[in-house]
Amino acid sequence: MKPLIGVIPSRICNEATDSYQVRAVNLAAITQNGGTPLILPYTEDPAMAESYLSLVSGLYFTGGCDIQPELFDETPIPTLGELCPSRDAFEILLYQKAAGMDMPMLGICRGVQIMNVAAGGSLYQDLGAQKPNAMVHSPRGVGRALPSHTIQVDPGSRLYTLMDAETLAVNSFHHEAVKEPAPGYRVTAWAPDGVIEGIESTELTFSLGVQWHPEDMLQSAPVFAELYKALIAAAAEYLRKQNA
Ligand code: MN
């Protein structure tokens, strides 16, 4: 049986067209690497979140909009981007319950940011405003699959084990970033300007996030599929233990 991976969609909160959306490359990344994606509409009802977690064996936190700074005890700065409070609330609820169950999780871009906030860490709201020496992390008019900066990977990390390289060229479509990693997490990768590009849990069996978008680079950088294979292998093991 292919493990079910819960995928958190974006929500287009325009009143007239209130709807959910997931870029198809996210779903393909899961199906092509041995998993079955299941898109999870938001809820703030703990019982419904528990229903989701009784079905799936892993979670995939996708990219998307900015995160409410109040969630990491800051007030918004003027260059903060678009928010989706219902998504923040759902993802934090889901993360905290899933972490309590030691369910495998992978976060991409906003995904690594919300996992970090849910676990008690903080973010830069806008690198341009808050980290003056930061490189360009959100280039304009650049194709999704094109790398725009390198990262250094900590050779002691699980990320290194998966990527088998200390330097990677990655795409970059973010202006927020992890500032203080959450308790129980370690930094696994940095851009040349010191911006954090990866974190992973030192306590949970598999909880890992990256700041770039591997789902868009699977053709040009096939090694990035290892992130999905690892999530799905961890989910299969989680499922096996549940059924034991
Ligand atoms: Mn970047």
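What counts, and at which threshold
Residues numbered from 1 in each chain as written. Predicted model: local features only at pLDDT ≥ 70, side-chain atom pairs only at ≥ 80, totals over all residues. Heavy atoms only, no water. Helix = DSSP H or I, 4+ residues; strand = E, 2+ residues; numbered from the N terminus. Contact = heavy atoms within 4.5 Å. Donors = N, O, S within 2.8 Å, 3.2 Å for Na, K, Ca; no water. Buried < 20%, exposed > 50% of the residue type's maximum accessible area, 1.4 Å probe, protein only. Pairing = 2+ DSSP bridges. Axes fitted to C-alpha atoms, helices over the stretch in contact; angles between N-to-C directions. Parallel < 35°, antiparallel > 145°, perpendicular 65-115°, else oblique. Left-handed = near helix turned anticlockwise from the far one by under 90°. Nonpolar A, V, L, I, M, F, W, Y, C, P; charged D, E, K, R; others polar. Arc of directions from axis to C-beta. Polar contact = N/O pair within 3.5 Å; in protein donor to acceptor, adjacent residues only side chain to side chain.

1. Structural notes on the side chain of Thr188
- One can find Thr188 in strand S11 (residues 185-190).
- In contact with Thr188, not counting residues within four places along its chain, are Gln152, Val153, Asp154, Ser157, Leu159, Gly198, Ile199 and Glu200.

2. Considerations on the coordination of the manganese ion
- Taken together, His137 (ND1), His149 (NE2), Ser172 (OG), His174 (NE2) and Glu197 (OE) make up the protein donors of the manganese ion, found 2.2 to 2.4 Å from the metal.
- Spacing between the donor residues of the manganese ion along the chain follows H-x11-H-x22-S-x1-H-x22-E. Taken as a pair, His149 in strand S8 (residues 149-153) and His174 in the loop between strand S9 (167-170) and strand S10 (177-178) lie far apart in primary sequence, 25 residues in all.
- A relative accessible area of 5% places His149 in the buried class.

3. What about helix H4 (residues 110-118)?
- With 9 of 9 residues buried, H4 lies mostly within the body of the structure.
- Buried within H4 are the following residues: Arg110, Gly111, Val112, Gln113, Ile114, Met115, Asn116, Val117 and Ala118.
- Gly120 occupies a position one or two residues after H4 and carries a positive phi of about 105 degrees.

4. Observations concerning the pairing of strand S13 (residues 207-210)
- Where burial is concerned, the two faces of S13 agree: the one with Ser207 and Gly209 and the one with Leu208 and Val210 are both buried.
- Taken together, the 4 bridges between strand S6 (residues 105-108) and S13 define a ladder with parallel strand orientation. Pairing of Leu106 across the sheet is with Leu208, part of S13.
- Connecting the antiparallel pair strand S12 (residues 196-201) and S13 is a turn made up of 5 residues.

5. Describing the packing of helix H2 (residues 46-55) against helix H3 (residues 85-101)
- Where H2 contacts H3, the two axes come as close as 10 Å, and the packing angle between them is 55 degrees. If you check the angle between H2 and H3, you find them oblique. Here the hand of the crossing between H2 and H3 comes out right-handed. Counted together, Pro46, Ala49, Glu50, Tyr52 and Leu53 of H2 and Phe90, Leu93, Leu94, Lys97, Ala98 and Met101 of H3 form the full contact between these two elements.
- A breakdown of the residues in the contact of H2 with H3 according to their chemical character gives 9 nonpolar, no polar and 2 charged.

6. Considering H2
- The set of residues buried in H2 consists of Ala49, Tyr52 and Leu53. End-on view of H2: buried residues confined to an arc of 95 degrees, all on one side of the axis. Across H2 from its buried face, at more than 90 degrees, point the exposed residues Ser54 and Leu55.
- Of the surrounding secondary structure, the elements contacted by the buried residues of H2 are strand S5 (58-61) and H3.
- With a side-chain oxygen positioned 3.0 Å from the backbone nitrogen of Ala47, the residue opening H2 is Asp45.

7. A few points about unusual backbone geometry
- For Cys109, which is not glycine, the phi dihedral falls at a positive 55 degrees.
- We classify Cys109 as buried; its relative accessible area is 4%.
- The backbone phi angle of Asp164 is positive, close to 55 degrees, even though this residue is not glycine.
- Locating Asp164 in the fold gives a position in the loop between helix H6 (158-163) and S9.

8. Topic: the sheet that holds S12
- Within the open sheet, the 9 strands sit side by side as S4-S1-S5-S6-S13-S12-S11-S8-S9. Their pairing is mixed. Strand pairing shows two members of the sheet lacking a second neighbour, strand S4 (36-39) and S9, which therefore form its edges. On average, each strand axis in the sheet is inclined to that of its neighbour by 25 degrees, with strand direction left out of account.
- When S12 meets S13, the two strands line up antiparallel, connected through 3 bridges. Across the sheet, residue Ile199 finds its bridge partner in S13, namely Gly209.
- Most of the contacts of helix H1 (residues 24-31) go to S4, to which it runs at about 145 degrees, and overall it touches strand S1 (4-8), S4 and S5.

9. Some details on the pairing of S1
- Taking burial as the measure, the 5 residues of S1 include 4 buried ones, the bulk of the element.
- Where S1 lies against S4, 4 bridges are found, and the strand directions are parallel. Paired with Val7 across the bridge in S4 is Ile39.
- One ladder, built from 4 bridges, connects S1 with S5; its direction is parallel.

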